[in-house]
Amino acid sequence: MEHPNPVVVDHPLIRHKLTIMREATTTTSKFRMLLREISLLLAYEVLRDLECTSIEIETPLERMQAPKLEGKKLCFVSILRAGNGLLDGMLDLVPSARVGHVGLYRDPKSLEPVEYYMKLPEHIGDRLCIAVDPMLATGNSAAAAVQRIKDAGATRIKFVCLLAAPEGIATFTKAHPDVPVYTAAIDRELNDHGYIMPGLGDAGDRMYGTK
Ligand SMILES: O=P(O)(O)OC[C@H]1O[C@H](OP(=O)(O)OP(=O)(O)O)[C@H](O)[C@@H]1O
Ligand SMILES: O=c1cc[nH]c(=O)[nH]1
Ligand SMILES: [Mg+2]
């Protein structure tokens, strides 16, 4: 069966934690903790079709063939800064995964992404790449980051965010129809400054207390 695109991962645990993240009174430390917890739940869904190999093990009773993840075949790509909030929890689940970083900030006037850093593991074409950034607003940052990952040779990519605007989903899926989007929620719209409404504000600033 074809996956829907985007996939909205709206488990009650995620919905509840996201509500607390949205509240303006939630502290920086609580915000970070909740994002990490949600990232585990999102990872559970996005990694659902990860391939396993089979190894022979010995239980206390007999030998058996048992499934094992090929963690090194997986590459998480964090779109800095806010992407690190999703990355940390995912790495807890798959500690042997490789990690790439694409550093982008969104110019507040043009809303165009400005790249300041890029580092990906070798043999990216052999790996499943999971690009992570909590916010898909205009979609310009995620579309640019995924283009950079493709330019480096990746062919199997998924994109995971926490909150998406309809405008961002449209822009991203037009640019990358082959890259499925996973999100915890789709909000109403963007405001005149490109912020997701009702949203949760600036994810990076709320994670690191920079505003
Ligand atoms: O879909 P877009 O309109 O491009 O907006 C989304 C981008 O904006 C935020 O990053 P920001 O530029 O605030 O950088 P930061 O992560 O360093 O805070 C967010 O983490 C995304 O990367
Ligand atoms: O609402 C938004 C839009 C872009 N970036 C954010 O962190 N929040
Ligand atoms: Mg920010």
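What counts, and where the lines are drawn
- Residues numbered from 1 in each chain as written.
- Chains lettered and ligands numbered in written order.
- Predicted model: local features only at pLDDT ≥ 70, side-chain atom pairs only at ≥ 80, totals over all residues.
- Heavy atoms only, no water.
- Helix = DSSP H or I, 4+ residues; strand = E, 2+ residues; numbered from the N terminus.
- Contact = heavy atoms within 4.5 Å.
- UniProt positions renumbered as here; feature names shortened; annotations may be inferred.
- Buried < 20%, exposed > 50% of the residue type's maximum accessible area, 1.4 Å probe, protein only.
- Polar contact = N/O pair within 3.5 Å; in protein donor to acceptor, adjacent residues only side chain to side chain.
- Pairing = 2+ DSSP bridges.
- Phe/Tyr/Trp six-rings, centres within 6.5 Å; stacked < 30°, edge-to-face > 60°.
- Lys NZ or Arg CZ within 6 Å of the ring centre and 35° of its normal.

The next subject is the environment of Ala152. Relative to the assigned elements, Ala152 resides in the loop between helix H4 (140–151) and strand S9 (156–160). Each C-alpha atom of the pair Ala152 and Pro121 lies 9.8 Å from the other, and the pair is 31 residues apart in sequence. Here Ala152 is in contact with Leu120 and Ile124, once residues within four sequence places are set aside.

The feature "binding site: 5-phospho-alpha-D-ribose 1-diphosphate" (unreviewed entry), as annotated in UniProt, sits at Arg81, Arg106, Asp133, Pro134, Met135, Leu136, Ala137, Thr138, Gly139, Asn140, Ser141 and Asp202 in this numbering. With respect to the helices and strands, Arg106 occurs in strand S5 (residues 98–106). On the basis of relative accessible area, Arg106 is assigned to the partly exposed category, the value being 24%. Setting aside residues up to four positions removed in sequence, Arg106 forms contacts with Leu111, Glu112, Pro113, Ala137, Thr138, Ser141, His193, Gly194 and Tyr195. A distance of 3.4 Å separates a polar side-chain atom of Arg106 from the backbone oxygen of His193. Looking at the secondary structure, you find Asn140 in helix H4. Beyond its immediate chain neighbours, meaning those up to four positions away, Asn140 contacts Leu111, Glu112, Pro113 and Thr171.

To continue, consider the pairing of S9. Of all five residues that make up S9, four are buried, and the element is covered over most of its length. For strand S7 (residues 128–132) and S9, the ladder comprises five bridges, and the chain directions are parallel. In the sheet register, Ala131 faces S9, and the bridge partner there is Phe159.

What follows covers the packing of aromatic side chains. Here the structure, examined in full by the defined rule, presents two aromatic pairs. Over the ring of Tyr195 we find Arg106, and its NZ or CZ is 5.4 Å from the ring centre.

When you line up the elements, Glu37 lands in helix H2 (residues 28–46). Among the residues examined, Glu37 registers a relative accessible area of 27% and is labelled partly exposed. Between the C-alpha atoms of Glu37 and Ile79, which are 42 residues apart in sequence, the distance is 18 Å.

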